[in-house]
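Residue-level listing of the chains:
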Amino acid sequence: MTTRPRRRTRWRAARACALGLLAGAGLSGCIVAPLVGGMAESARRTGSTSVPAQYRGLQGKSFAVVVVADRSVQADFPGIVATLMERMTARLADPANGVGASHYVPASQTLPFLNNDPAWMAWEPSRLMAELGVERLIHVELIEYRVREPGNPYQWNGLGWGAVTVFEADSSNPDFEVFRREVRVQFPDSEGQGVHGVSGPLVASALVKRFVDRATWLFYDHKEPNVITY
């Protein structure tokens, strides 16, 4: 007569144990799901994506980079043309980036050549390539470059906007562009940055870096951070 209660007790205990295990499994699932999701989001934010080149015509060819800007831009930023020309040429000439050009004209040679003969502005691209002795001309027109919003001296609103054009000396029409892309970058990333919180040189430096990145990434395979802001 005493065995039945004991059996019921054991059965109830076993059922309670099973329910407890199931509850525990459900609870652990609720904990693991957000954890995995958080890890995936973290990996996405800290990871990068491979981006292919948009123009590969520098492979095995010689090139020169020429940058032009409006007089008003050069008046406000006297060294911007030389800086962009130097950094873009160096980036594309770096073997680590895999552009694969056979030869290039350093900015230290291109700049004096252009400065000594202002008439080059009226030349056709074919003549400029012949004078520089290159097969590819990368022509960069800096349309707008500023660190503040016009008329607002109290907040930074940097903008670098230009067009990157390529001419090929060995094409059927060397004076006709074979590639053209616009590049537009900004800094700071958020609005409302006052002049007392961020320095002017920092804004200008960030704009140059971002513009050079976007302009040169057109020519070689590269990786971009998944959360890149420019």
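Everything below is about the structure printed above this text.
Residues numbered from 1 in each chain as written. Predicted model: local features only at pLDDT ≥ 70, side-chain atom pairs only at ≥ 80, totals over all residues. Heavy atoms only, no water.

### Things to note about the packing of aromatic side chains
Defined as follows: Side-chain rings of Phe, Tyr and Trp, where Trp is taken by its six-membered ring, are said to pair if the distance between their centres is within 6.5 Å; with planes under 30 degrees apart they count as stacked, over 60 as edge-to-face, and otherwise as tilted. Runs of E in the DSSP output that reach at least two residues are strands. Runs of H or I that reach at least four are helices, and both are numbered from the N terminus. Burial classes: relative accessible area under 20% of the type maximum marks a residue as buried, over 50% as exposed, and values in between as partly exposed (1.4 Å probe, protein chains only).
Taken as a whole and assessed by the stated rule, the structure comprises 7 aromatic pairs. Here the aromatic rings of Tyr55 and Phe219 are separated by 5.9 Å at their centres, their planes lie at 80°, and the arrangement is edge-to-face. Of this pair, Tyr55 sits in the loop between strand E1 (48-51) and strand E2 (62-69) while Phe219 sits in the loop between helix H6 (200-216) and strand E7 (222-225), and the two are 164 residues apart along the sequence. Neither residue differs from the other here; Tyr55 and Phe219 are each classed as buried. Between the aromatic rings of Phe63 and Tyr104, the centroid separation amounts to 5.9 Å while the plane-to-plane angle is 25°, which identifies the pairing as stacked. Of this pair, Phe63 sits in strand E2 while Tyr104 sits in strand E3 (residues 103-104), placing them 41 residues apart in sequence. Using a relative accessible area of 0% as the deciding quantity, one classes Phe63 as buried. Tyr104 gets classed as partly exposed once you look at its relative accessible area, which sits at 33%.

### A word on the nonpolar core
Note the cut-off: Throughout, nonpolar core names a set of buried Ala, Val, Leu, Ile, Met, Phe, Trp, Tyr and Cys residues whose side chains join them through atoms within 4.5 Å. For this analysis, residues touch if any pair of their heavy atoms sits within 4.5 Å.
Ranked by size, the top nonpolar core spans 55 residues in total, and within it Val65, Leu92, Ile138 and Phe219 carry the most contacts. At the level of elements, E2, helix H3 (80-93), helix H4 (107-116), helix H5 (125-132), strand E4 (136-148), strand E5 (156-168), strand E6 (179-187) and H6 are the ones that each hand at least two residues to this core. No other element matches the 8 residues that H6 contributes to this core. Discounting chain neighbours no more than four positions away, the residues touching Ile138 are Leu58, Phe63, Ala64, Val65, Val66, Leu92, Val164, Thr165, Val166 and Phe219.

### Re the packing of H3 against H6
Packed helix pairs are specified by the crossing angle of their axes together with the interaxial distance, meaning the distance between the axes. How we decide: To obtain each axis, a line is fitted to C-alpha atoms, and for helices this fit is confined to the stretch in contact; angles are then taken between N-to-C directions over 0 to 180 degrees. Under this scheme an angle from 65 to 115 degrees is roughly perpendicular, one under 35 degrees roughly parallel, and one over 145 degrees roughly antiparallel; angles in between are oblique. Crossing handedness is read from the near helix: turned anticlockwise from the far helix by less than a right angle, it gives a left-handed crossing, and turned clockwise, a right-handed one. Ten residues, namely Ala, Val, Leu, Ile, Met, Phe, Trp, Tyr, Cys and Pro, are considered nonpolar, four, namely Asp, Glu, Lys and Arg, are considered charged, and the remaining ones, Gly among them, are considered polar.
As a packed pair, H3 and H6 sit with axes 10 Å apart at the nearest point and diverge in direction by 45°. In this view, H3 runs oblique relative to H6, as classed from their interaxial angle. Read as a crossing pair, H3 and H6 show a hand that is right-handed. Side by side, H3 and H6 meet where Ile80, Thr83, Leu84, Arg87, Met88, Arg91 and Leu92 of the first sit next to Val208, Phe211, Val212, Asp213, Ala215 and Thr216 of the second. Within the contact of H3 with H6, the residues separate by chemical class into 8 nonpolar, 2 polar and 3 charged.

### What about the pattern of salt bridges?
Heads up, the rule is: For this document, the term salt bridge refers to a Lys or Arg side-chain nitrogen within 4 Å of an Asp or Glu carboxyl oxygen.
As enumerated under the stated definition, the model contains 12 salt bridges in all. Salt-bridge contacts for Arg136 lead to Asp170; the nearest nitrogen and oxygen are separated by 2.9 Å. With Arg136 in strand E4 and Asp170 in the loop between E5 and E6, the pair connects residues that are 34 residues apart, well separated along the chain. The exposure class assigned to Arg136 is buried, which follows from its relative accessible area of 5%. Taking relative accessible area as the criterion, Asp170 reaches 45% and is therefore assigned partly exposed. In this structure, a network of salt bridges that share partners links the residues Lys61, Glu135, Arg136, Glu168 and Asp170.

### Some thoughts on the packing of H3 against H4
At a closest axis distance of 9 Å, the pairing of H3 and H4 adopts a crossing angle of 145°. As for the relative orientation of H3 and H4, their crossing is right-handed in sense. Across the interface between the two elements, Ala82, Met85, Glu86 and Thr89 from H3 touch Ala107, Thr110, Leu111 and Leu114 from H4. Class assignment of the residues belonging to the contact of H3 with H4 gives a composition of 5 nonpolar, 2 polar and 1 charged.

### Considering H4
Filter applied, for reference: Within this analysis, the arc is defined by the directions that extend from the helix axis to the C-beta atoms.
Those residues of H4 not exposed but buried are Ala107, Thr110, Leu111 and Leu114. Looking down the long axis of H4, one finds its buried residues gathered within 95° of arc, a one-sided arrangement. Within H4, the exposed residues directed more than 90 degrees away from the buried face are Ser108, Gln109 and Asn116. For H4, the elements touching its buried residues are E2, H3 and H5.

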